[in-house]
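Spelled out from the first residue to the last, the chains are:
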Amino acid sequence: MISDATNVRVEFNSTVYGEDEDAGMVTFTLIRIDESERPVSVLFSTANGSAQGNYQAGQTSQTWHNNISFFAAPFDFTSIMDMLVTFQPSETQREVQVMIENDNVYEDNEDFLGLLTLPGGSEGVALGSASTATATIFNDDGKPL
Ligand SMILES: [Ca+2]
Ligand SMILES: [Ca+2]
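Anyway, here's the lowdown on the structure attached to this text. (Residues numbered from 1 in each chain as written. Chains lettered and ligands numbered in written order. Predicted model: local features only at pLDDT ≥ 70, side-chain atom pairs only at ≥ 80, totals over all residues.)

1. Observations regarding the environment of Glu-101
Quick reminder of the rule: Numbering of helices and strands runs from the N terminus, with a helix taken as a DSSP run of H or I at least four residues long and a strand as a DSSP run of E at least two residues long. Remark: residues whose backbone-derived C-beta atoms lie within 7 Å of one another are considered to be in contact.
If you trace the backbone, Glu-101 turns up in the loop between β6 (93-99) and β7 (110-117). Placed 36 residues apart in sequence, Glu-101 and Ile-137 show a C-alpha to C-alpha distance of 9.4 Å. Ignoring anything within four residues of it in the chain, the contact list for Glu-101 reads Phe-75, Asp-76 and Phe-77.

2. Quick word on the environment of Asn-139
Looking at the element boundaries, Asn-139 is found in the segment after β9 (132-138). Along the sequence, Asn-139 and Asn-104 sit 35 residues apart, while their C-alpha atoms lie 9.5 Å from each other. Not counting residues within four places of it along the chain, the set of residues in contact with Asn-139 comprises Glu-21, Tyr-106, Glu-107, Asp-108 and Asn-109.

3. Things to note about the sheet that holds β7
Counted only if it meets this: A pair of strands is considered paired only if DSSP assigns at least 2 bridges between the two. Geometry is summarised by axes, namely lines fitted to C-alpha atoms with helices restricted to the contacting stretch, and by angles between N-to-C directions that run from 0 to 180 degrees.
Taken in spatial order, the five strands of this open sheet run β2-β9-β7-β4-β5, and their pairing is mixed. Each end of this open sheet is capped by a strand with a single partner; those strands are β2 (16-20) and β5 (83-87). Sheet twist, expressed as the mean angle between neighbouring strand axes with direction ignored, is 25°. Across five bridges, the pairing between strand β4 (residues 40-48) and β5 is antiparallel. If you follow Val-40 over to β5, its bridge partner there is Phe-87.

4. Observations regarding the pairing of β9
Put simply, the rule is: Using C-beta atoms placed from the backbone, we call a residue buried if 20 or more other C-beta atoms fall within 10 Å of its own, exposed if 12 or fewer do, and partly exposed for counts in between.
Burial along β9 is one-sided: the face carrying Ala-133, Ala-135 and Ile-137 is buried and the face carrying Thr-132, Thr-134, Thr-136 and Phe-138 is not. With five bridges joining them, β2 and β9 adopt parallel strand pairing. Looking across to β9, one finds that Glu-19 is bridged to Ile-137. Two strands pair when backbone bridges link them, and β7 and β9 are joined in this way by six bridges, in the antiparallel orientation. Within β9, the position partnered with Leu-115 by the bridge is Thr-132.

5. Focus on the nonpolar core
Let me state the cut-off plainly: By our criterion, buried Ala, Val, Leu, Ile, Met, Phe, Trp, Tyr and Cys residues that link up through C-beta atoms within 7 Å make up a nonpolar core.
Val-10, Phe-28 and Val-98 are the most contacted members of the largest nonpolar core, which has 20 residues in total. Elements represented by at least two residues in this core include exactly β1 (8-12), β3 (25-33), β4, β7 and β9. If sequence neighbours within four positions are ignored, Val-10 has contacts with Leu-30, Arg-32, Val-40, Val-42, Leu-116, Val-125, Leu-127 and Gly-128.

The following block contains the structure:
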C-alpha cells in the first residue's frame, strides 16, 4: 500500500459548463480522485469574464460582505470567494451552485470562471488539471429589431 504517499486529487468534472440565463444557477461539479478515507477540502471562487459578478475586483472579502446589500449596479452572477468545499470520507463528488441573474435584456452569451485553490495546510492534496472551468450564461432574450 502506497496510498499515503499519493496525493489526493480534486478537480472539476468538466472545464466547460453552461446554462440559459433563466436557469437560475450554474452547477459546478467537483470530483475527488483517490482512495483516501480522510476528509479533503478545497476552496471555490468565481472570477469575472465577460459576465460580471456582484463582487468587484479590488474589494477585500470584508468590504464585500459589508457592502453587499448596497450593490445596485447590474450584475450577471453572484460572486463566491474562497468558499470551503469539503469531501467527507468516501464522498467523491460535490456540487457548487452559482446563482445567475435573469432579465429581459438581450445580451451576448457571457462567461465567467470557477476556480479551485487549496486552503493552507493541505498536505498531500493536489488540484487536478481541471482546476479552472468556464461557465457560459446563454442569452435567452430576443434581439431588439
Ligand atoms: Ca433573460
Ligand atoms: Ca438577458
